[in-house]
Amino acid sequence: MQRGVVTFLQRSAHHISFRPSTTAKMVQPDSKKACLRIGTHSGTFHCDEALACFMLRQLPTYKDALLVRSRDPAVLSDCDIVVDVGGVYDPATHRYDHHQRGFAETMSSVSGGKMAFDTKLSSAGLVYHHFGRQVLAEMASDISEDNREIIYRRLYEYFFEEVDAVDNGINQTEEKPKYHVTTTLAGRVRSLNPNWNDEKQDFDGQFAKAMNLVGQELTDRINGMARVWLPAKNLVKQAFDDRFNVHPSGKIIRLSGDGCPWKQHLYDLEEETGTEGSILYVLAKSADSWRVITVGVKGEGFTNRLPLPEKWCGVRDEALSELTGIPQCVFVHASGFIGGNRTMEGALQMAS
């Protein structure tokens, strides 16, 4: 019996696109076995197993596999791979559950300490650990292996760890939240479950929609990291390496890319090179001028390492040029975190 929606990825050399399919390969537990089967639990579903099943479907081995949703051990024993049910974690037999007593695996423990993340894994994290590199090779095949490894580590930190934590009931902070967050990926998946008073309780059909949802999210994240984040990282590294050619102090970097996201990359580079806190200003080209941007103190919100001079703050145009003695000034923000000049040379003088 076929029902629901199955997701597939269409790949090109420059972009990963997502296309939901109206055909399905979700079967009743008593269907006759004909090909490989991915097993997960029936009933109420969560983000982690939807994501685990989606990832497996991207692999050549499981792309045509049937999806079986059941809690019957006899049915699950007939599956080739089982996620989020069964009470067993055993990669040798492709069993990837995390609910059993005594399970405490983290990305740090399963990677032998190579990835220092101590959040307890869900089925998503387990499948990502064992198959994530293969999934990335399929979904971002035009990216170099070295860059895929960078994405693999970052994707866990900024995507999968959240899924693992939420599924295992781990709060993000020990403090009481000041407001409710209801639009997380886990929350959106949870809302796809049939309502308690729906006349038709179509868990399988809704689970297929959940796979579509998490699949689109994962695809977008990989695209963003491969096509936006990595190129930005390279630009910031070039600017960081060239900093002494911009200014002899080495405290100013100049970015060639308009709108390039730079903050986290800069913090990472400083940490990697043991130069934390050394860069004070970033020069960045805008449409018709150059911006002088102060570098914030990492983790301290709006606190900057060295704001622009207080007497410049809130002053604009000719008045600012007269005050600073620097031609073609445009503005300095009232808080001193950013300023502008019509030329790169002027912006550099403002930052010097």
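This write-up is about the structure you can find in this document. (Residues numbered from 1 in each chain as written. Predicted model: local features only at pLDDT ≥ 70, side-chain atom pairs only at ≥ 80, totals over all residues. Heavy atoms only, no water.)

### Remarks on the layout of surface pockets
By volume, the largest pocket amounts to about 870 Å³. Lining of the largest pocket is provided by 24 residues; of these, Val166, Ile170, Asn171, Gln172 and Thr184 occupy positions nearest its centre. Of all the secondary structure elements, the ones that give two or more residues to the lining of the largest pocket are helix 5 (145-167) and helix 6 (185-190). In terms of residue count, the dominant contributor to the lining of the largest pocket is helix 5 (7 residues). Residues belonging to the lining of the largest pocket are distributed by class as follows: 8 nonpolar, 9 polar and 7 charged. What lines the second largest pocket is a set of 14 residues, among which Arg153, Arg154, Glu157, Asp268 and Glu272 lie closest to the centre. (1 Å grid on protein atoms, 1.4 Å probe; cavity = no way out; pocket = protein on both sides within 12 Å on 5 of 7 lines; lining within 4 Å. Points joined across faces, edges and corners; volume = space filled by probe spheres on them. Helix = DSSP H or I, 4+ residues; strand = E, 2+ residues; numbered from the N terminus. Nonpolar A, V, L, I, M, F, W, Y, C, P; charged D, E, K, R; others polar.)

### Some words on the pattern of salt bridges
Under the defined criterion, the tally for this structure stands at 10 salt bridges. Here Asp204 and Arg69 are joined by a salt bridge, their closest N and O atoms 2.9 Å apart. On the criterion of sequence distance, the pair formed by Asp204 in helix 7 (residues 203-241) and Arg69 in strand 5 (residues 66-69) is long-range, its members being 135 residues apart. Arg69 shares its class with Asp204; the two are buried. Between Arg188 and Glu217 there is a salt bridge, with its nearest N and O atoms 3.4 Å apart. (Salt bridge = Lys/Arg side-chain N within 4 Å of Asp/Glu carboxyl O. Buried < 20%, exposed > 50% of the residue type's maximum accessible area, 1.4 Å probe, protein only.)

### Re the sheet that holds strand 11 (residues 290-294)
Taken in spatial order, the 5 strands line up as 9-10-11-13-12 in an open sheet, and their pairing is mixed. Here the strands that pair on one side only, and so sit at the sheet edges, are strand 9 (252-255) and strand 12 (329-332). Each strand of the sheet is rotated relative to its neighbour by a mean of 20 degrees, with strand direction disregarded. (Pairing = 2+ DSSP bridges. Axes fitted to C-alpha atoms, helices over the stretch in contact; angles between N-to-C directions.)

### A short note on the state of the cysteines
Taken as a whole and assessed by the stated rule, the structure comprises 0 disulfides. This cysteine, Cys47, is not joined by any disulfide, and Cys53 carries the nearest cysteine sulfur, 12 Å off. Looking at Cys79, it has no disulfide partner, and the nearest cysteine sulfur is the one in Cys53, 10 Å off. Exposure remark for Cys79: the relative accessible area of 5% places this residue in the buried category. (Disulfide = S-S within 2.5 Å.)

### A word on the pairing of strand 11
For a regular strand, side chains alternate in direction, first toward one face of the sheet and then toward the other. By the criterion of burial, strand 11 is predominantly enclosed, with 4 of the 5 residues buried. The antiparallel pairing of strand 10 (residues 281-285) with strand 11 creates a hairpin that spans 4 residues between the two strands. Two elements, strand 11 and strand 13 (residues 338-341), share 4 bridges in a ladder whose sense is antiparallel. Counterpart to Val292 in the pairing with strand 13 is Gly339.

### Quick word on the packing of aromatic side chains
Across all of its chains, the model carries 9 aromatic pairs by this definition. Ring centres of Tyr89 and Tyr96 lie 6.3 Å apart, and the angle between their planes is 50 degrees; on these two criteria the pair is classed as tilted. For Tyr89, a relative accessible area of 21% gives the class partly exposed. Among the residues examined, Tyr96 registers a relative accessible area of 1% and is labelled buried. For the pair Tyr96 and Phe131, a centre-to-centre distance of 5.8 Å together with 75 degrees between the ring planes defines the contact as edge-to-face. With Tyr96 in strand 8 (residues 95-96) and Phe131 in helix 4 (residues 123-139), the pair connects residues that are 35 residues apart, well separated along the chain. By relative accessible area, Phe131 is classed as buried at 7%. Taken together through their ring pairs, the aromatic side chains of Phe117, Tyr128, Tyr152, Tyr156, Phe159 and Phe160 make up a single cluster. Between Arg133 and the ring centre of Tyr152, over which it is positioned, the NZ or CZ distance is 3.9 Å. Above the ring of Tyr158, the side-chain terminus of Arg154 is found at 4.2 Å from the ring centroid. (Phe/Tyr/Trp six-rings, centres within 6.5 Å; stacked < 30°, edge-to-face > 60°. Lys NZ or Arg CZ within 6 Å of the ring centre and 35° of its normal.)

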